[in-house]
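Survey of secondary and tertiary structure
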Amino acid sequence: MSGRTVVVGGGLAGLAAATVLAEAGAEVTVLEREAYAGGRVGAWPSSLAGQDGRPPRSFEMERGFHAFFRQYYNLRNLMSRIDPSLSMLAPQLDYPVLSEGARESFSGLSKRAPLNVAQLALRTPTLRLRDFPRIDARTAAAMLAYGPHTYERWDRITAKDYLDALRFPPDARRMLFEVFSHSFFNPEDDFSAAELLMQFHFYFVGNPEGLIFDTMRVPFGRGLIEPLLSYLRRRGVEIRRGAPAERVIASPTALKVVAGGREEDADHVVLALPVPALKTLVQGSAGLPPDLQDGVDSLDVTLPFVVWRLWFDRPVKARRAPFAGTTGVGLLDNISVYEKLEDESAEWAAESGGSVVELHAYGVPEHLDEKAIRADLMRGLHLLYPETQDADVLEERYLHRRDCPAFAPGSYARRPGVACSDGRILLAGDFVKLPWPSALMERATMAGFDAANRILDREAQPIRSVPTRGLLSRLRF
């Protein structure tokens with residue numbers, strides 16, 4: 001028996017760890033500082049003003065659209081605890097990328113490398129036969145050669161310098177790479193080329209499922225987080241919301257977590273917090289091992305991101321995709337039409353005759369104020385979806401956050417993993433170093449599973465991954 005574990009943080013990483021531990025019969029307490037759980041996939045209650053004499057309508061607001069890619073094996077495994085058939089997910093048949101006067105698609109490609117790469121290169125209108133001799137083949141081969149050497153070779157180089165070295169035509173680079181690199185919140189000029197290559201392997205080159213994804217049919221809180229919390233409670237997990245951890249006190253004979261002035265004794269602690277909160281907690285704690293402190297100290301956050309959800313008084317055109325990546329239109333990185341995604345928005349749109357549209361911007365420059373950001377995003381929307389120019393905004397929610405991990409060039413060596421020299425204390429989140437290619441929600445879930453396995457000292461929850469090496473990894477490009 002593993003004894004008692006205190007999980008600090010109720011996001012996907014913390015809930016994944018708590019799930020495996022509880023299923024193994026361990027005593028688990030989850031401490032979550034917010035009133036809602038789920039972290040970046042959490043949702044909180046809000047309400048819309050009534051229209052045409054109707055009463056206000058309640059809904060769940062979230063931190064923005066999330067794609068559930070089909071190689072998210074571990075996240076899907078976690079979700080299957082509450083929905084074995086994954087009926088909460090709806091398939092999306094395309095991943096369109098839009099720019100002014102241009103459109104790219106990732107649907108219908110082979111799921112095997114290098115055929116998928118060749119098909120994409122040959123069918124895209126942004127690449128012509130005369131462009132191929134100019135491309136640096138050796139640099140491009142690194143996309144097929146992901147492996148342990150990738151970080152040794154490429155981590156100190158920026159993603160921008162790597163993409164510049166490819167010598168792709170500007171339109172092809174923008175349509176095929178810019179959307180992809182921006183999806184990880186980090187700006188190209190401060191993003192490790194090794195991390196970019198790993199993500200390209202994980203999502204496209206080494207992904208046997210293809211670059212297509214599913215979406216949630218209902219808000220994350222109702223469809224995923226609250227059912228998962230109920231699942232954990234039935235297995236004896238204590239979940240304390242509104243309980244921010246203040247410090248961890250570690251000595252050779254005792255381990256405690258202080259939250260709300262109350263001490264929680266523990267045999268193990270899983271720190272599953274976003275980077276800013278994790279750094280604050282570690283700095284205020286006592287007795288933590290130097291390697292843990294050094295690893296956490298090396299972490300940073302990238303530039304802010306913005307989520308802007310708009311309730312329009314009229315619909316967008318019926319042909320608009322539920323989700324589209326965007327490029328070359330200012331700050332705008334993607335557009336979601338929420339009545340095509342979630343039931344709450346679909347009901348509102350059916351009653352009102354309007355549309356619910358969400359805009360995202362990643363790596364937003366710090367010097368821009370909210371007025372400038374809003375104006376830039378709206379210009380991008382009007383350019384790509386001109387029918388919104390005459391629409392009135394009935395409601396809106398604007399979120400500006402800065403808590404996503406940075407993957408700066410040269411940061412990999414000091415980046416902490418799940419374990420440290422004190423085996424009682426573990427880290428979990430989308431910022432940790434893992435032996436498996438992964439990102440975002442999947443990396444957080446993997447880290448939570450790995451932390452629980454280490455506490456239990458056995459593989460209670462097998463971790464499934466895409467291939468950990470690319471087709472050309474032996475050539476060490």
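Here's a quick rundown of the structure. From a predicted model like this one, the values you see are computed outputs, not experimental measurements.

Another point: the nonpolar core. M79, Y162, Y203, M216, L271 and L278 are the most contacted members of the largest nonpolar core, which totals 146 residues. A total of 10 residues in this core trace back to one element, the largest contributor, which is helix α8 (residues 193-205). Those residues in contact with M79, other than ones at most four positions away along the chain, are F68, L86, M88, L89, M216 and L224. Among the nonpolar cores identified, the runner-up in size contains 24 residues, and I335, L377, L384 and Y398 belong to it.

We now examine the pairing of strand β9 (residues 213-216). Neither face of β9 is open: one carries F213 and T215, the other D214 and M216, and all of them are buried. Looking at chain direction, strand β5 (residues 68-69) and β9 are connected through 2 bridges and run antiparallel. When the bridges of β9 are listed, F68 appears paired with D214. The sheet contact formed by strand β6 (residues 89-91) and β9 spans 3 bridges and is antiparallel. When the bridges of β9 are listed, L89 appears paired with M216.

This part is about the sheet that holds strand β13 (residues 262-265). Spatially, β11-β12-β13 is the arrangement adopted by the 3 strands of the open sheet, whose pairing is antiparallel. On the outer flanks of this sheet lie β11 (245-251) and β13, each paired with one strand and no other. The mean angle between the axes of side-by-side strands here comes to 25°, regardless of whether they run parallel or antiparallel. For strand β12 (residues 254-259) and β13, the ladder comprises 4 bridges, and the chain directions are antiparallel. Residue V257 lies in a different strand from β13, and its bridge partner there is E264.

Position of Q92 among the secondary structure elements: in the loop between β6 and β7 (97-99). Overall, the relative accessible area of 11% leaves Q92 in the buried class. A distance of 2.9 Å separates a polar atom in the side chain of Q92 from a polar atom in the side chain of T215.

The pairing of strands in a sheet happens through backbone hydrogen bonds and is either parallel or antiparallel. Sheet architecture is open: 5 strands sit in the order β10-β2-β1-β14-β20, paired in parallel fashion. Pairing within the sheet leaves two strands with one partner each, and these edge strands are β10 (238-241) and β20 (425-427). Across the sheet, the axes of successive neighbouring strands diverge by a mean angle of 15°, strand direction being ignored. Two elements, strand β1 (residues 4-8) and strand β14 (residues 268-271), share 4 bridges in a ladder whose sense is parallel. For V6, the partnering residue across the bridge sits in β14 and is V269. Docked against the sheet, helix α14 (residues 440-456) engages β1, β14 and β20, running at close to 160° with respect to β20.

Attention shifts here to the environment of F213. The residue F213 is located in strand β9 in this model. For F213, a relative accessible area of 1% translates into the label buried. Separated by 122 residues in sequence, F213 and P91 place their C-alpha atoms 6.5 Å apart. If we skip the residues at most four places from it in the chain, F213 touches F65, A67, F68, F69, R70, P91, Q92, D94, Y95 and F323.

Enumeration over the complete set of coordinates arrives at 41 salt bridges. Notably, a salt bridge pairs E264 with R4, separated by 2.8 Å at the nearest N-O pair. Separated by 260 residues along the polypeptide, E264 in strand β13 and R4 in strand β1 bring together distant segments of the chain. Of the two residues, E264 and R4, both sit in the buried class. Residue R424 pairs with D422 through a salt bridge whose shortest N-O separation is 2.9 Å. What you see here is one network of salt bridges that share partners, running through R4, E27, E238, R240, R262 and E264.

How each quantity is defined
Numbers given for residues are sequential positions, taken from 1 along each chain in its written order. Local features in a predicted model are, by the rule used here, given only for residues with pLDDT of at least 70; side-chain atom pairs are given and counted only at 80 or more, and totals for whole chains, interfaces and linings are based on all residues. Note that the side-chain values use all heavy atoms of the structure and ignore hydrogens as well as water. Buried Ala, Val, Leu, Ile, Met, Phe, Trp, Tyr and Cys residues that are joined via side-chain atoms within 4.5 Å together make up what is termed a nonpolar core. Note on exposure labels: buried denotes an accessible area under 20% of the residue type's maximum, exposed denotes more than 50%, and partly exposed covers the range between, all computed with a 1.4 Å probe on protein chains only. Working definition: helices are DSSP H or I runs of at least four residues, strands are E runs of at least two. Numbering for both runs from the N terminus. Working rule for contacts: check all heavy atoms of both residues, and any pair within 4.5 Å makes them a contact. DSSP bridges decide pairing: two strands pair if at least two such bridges lie between them. Axis definition: a line fitted to C-alpha atoms, over the contacting stretch in the case of helices. Angles run 0 to 180 degrees between N-to-C directions. Any pair of N or O atoms that falls within 3.5 Å is considered a polar contact. Within protein, one atom must be able to donate a hydrogen and the other to accept it, and sequence-neighbouring residues count only if both atoms are side-chain atoms. In the sections that follow, a salt bridge refers to a side-chain nitrogen of Lys or Arg positioned within 4 Å of a carboxyl oxygen of Asp or Glu.

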